[in-house]
Amino acid sequence: MEPLMLEMICGSTPPGEALKREVGEYIDSSTGIQTIHQMQWLAQAVKRHGLNPGASEDPWWYKAEYNRRLMIPVERRRQSILSGEVPRSRFLVRGSAEFLAAIKRSGAAIYVASGTDQQDVMREARALGVEGCFTEIAGALPGSMDCSKEAVLRRLMEVNFLRGPEIAVFGDGRVEIELGREAGAVTVGVASDEEKLCGVNPVKRKKLLGAGAHAIIGDFTQAQEIFSWLGLQDIRL
């Protein structure tokens, strides 16, 4: 996202350090929201800085271009999994597949809510072999600016009549942690190291604690301890 934003804001002008910092801070603070809202910010930044005359003012155009670029490496990875060239574990946080399978066996419902387009989230979950663990996968819908994360939480409370600690929210972005806290849910910040796929990323940890996470994990290798902390002692790997 950062290269796209800098390119669209600056055009042919090399980006300065202040602009790089502005873009980086915005991305860091907005991780987890619907992509279209991030692209709205980009459209406004392009206009505000005035470095790229003639650039589009349409946030939906920026979203389409961002998705097009993003899906190139994502599709390459997906194909590497489907062909058997690379194992699925190469793209899964350590212990996550086993963690999800254990919850599924227990009969508890698991919902995925993402700011990424729903069709892309479903395709990736299928490639990673975890699609069957989820009761529902909710992503951004075409032409919609509604927050899927807020919608899922609201539905759990209004339709399923769940309250507070009956809901646990896991996430690596500020948005879902803050929404979870507002709903009175138990919140677990996943401060994952995206290269090693295990251990805690200290930058993410600080951000998630700042958002109000009740607990921080880096991976799911201590799944039994996580279940116990959540009061789910009956779940076994």
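That block above? That's the structure.
Residues numbered from 1 in each chain as written. Predicted model: local features only at pLDDT ≥ 70, side-chain atom pairs only at ≥ 80, totals over all residues. Heavy atoms only, no water.

Describe the overall build of the chain, and please don't skip the residues or the numbers.
For the chain, the helix and strand inventory stands at ten helices and five strands. Over its C-alpha atoms the chain spans a radius of gyration of 19 Å, differing by no more than 12% from the 18 Å that the globule rule assigns to 237 residues. Reported as C-alpha extents along the three principal axes, the dimensions of the chain are approximately 60 × 45 × 35 Å. Sorting the 237 residues of the chain into buried and exposed places 43% on the buried side. Expressed as a percentage of contacts within the chain between residues at least 6 apart in sequence, the contacts between residues at least 24 apart total 61%. In the form shown here, the chain has an accessible surface area of approximately 12,900 Å², with 52% of it arising from carbon and sulfur atoms. Averaging the coordinates of the 29 positive side-chain charges in the chain and doing the same for the 31 negative ones gives two points 2 Å apart. (Helix = DSSP H or I, 4+ residues; strand = E, 2+ residues; numbered from the N terminus. Rg over C-alpha atoms; globule rule 2.2 N^0.38 Å. Buried < 20%, exposed > 50% of the residue type's maximum accessible area, 1.4 Å probe, protein only. Contact = heavy atoms within 4.5 Å. Areas by Shrake-Rupley, 256 points an atom, 1.4 Å probe, with all protein chains shown as cover. Lys, Arg positive; Asp, Glu negative; His and termini not counted. Charge placed at Lys NZ, Arg CZ, Asp CG, Glu CD.)

Before we move on, can you summarise the packing of helix 7 (residues 148–158) against helix 8 (residues 174–182) with the specific residues and values?
Viewed as axis vectors pointing N to C, helix 7 and helix 8 meet at an angle of 25°, and their least axial separation amounts to 10 Å. Judged by the angle between their axes, helix 7 and helix 8 are roughly parallel. Seen from above, helix 7 lies across helix 8 with right-handed handedness. Where helix 7 approaches helix 8, its residues Lys 149, Glu 150 and Leu 153 are matched on the opposing element by Val 175, Glu 176, Leu 179 and Gly 180. Residue composition of the contact of helix 7 with helix 8, grouped by class: three nonpolar, one polar and three charged. (Axes fitted to C-alpha atoms, helices over the stretch in contact; angles between N-to-C directions. Parallel < 35°, antiparallel > 145°, perpendicular 65-115°, else oblique. Left-handed = near helix turned anticlockwise from the far one by under 90°. Nonpolar A, V, L, I, M, F, W, Y, C, P; charged D, E, K, R; others polar.)

Got a sec to walk through the side chain of Gln 34? Specific residues and values, please.
Position of Gln 34 relative to the elements: it lies in the loop between helix 2 (17–30) and helix 3 (35–49). Setting aside anything within four residues of it in sequence, one finds Gln 34 in contact with Ser 114, Gly 115, Ala 140, Met 145, Asp 146, Cys 147 and Ser 148.

Could you give me a rundown of the packing of helix 1 (residues 2–10) against helix 4 (residues 59–82), with the residues and numbers involved?
Where helix 1 meets helix 4, the axes come as close as 10 Å, and the angle between the chain directions of the two elements is 135°. In terms of their interaxial angle, helix 1 and helix 4 are classed as oblique. When you trace helix 1 past helix 4, the crossing you get is right-handed. From helix 1, Leu 4, Glu 7 and Met 8 reach across to helix 4, where they touch Trp 61, Tyr 62, Glu 65, Tyr 66 and Arg 69. Across the contact of helix 1 with helix 4, the residue classes break down as five nonpolar, no polar and three charged.

Run through the nonpolar core, naming residues and quoting values.
Among the nonpolar cores identified, the biggest contains 23 residues, and Phe 99, Phe 134 and Phe 227 are the most heavily contacted of them. Looking at this core, the element that brings in the most residues is helix 5 (residues 96–106), giving four residues. When neighbours within four sequence positions are excluded, Phe 227 is seen to be in contact with Phe 99, Ala 102, Ile 103, Leu 232, Gln 233, Ile 235 and Leu 237. Counting residues in hydrophobic clusters, the runner-up holds 19 residues, among them Leu 4, Ile 9, Cys 10 and Val 23. (Core = buried A, V, L, I, M, F, W, Y, C linked by side-chain atoms within 4.5 Å.)

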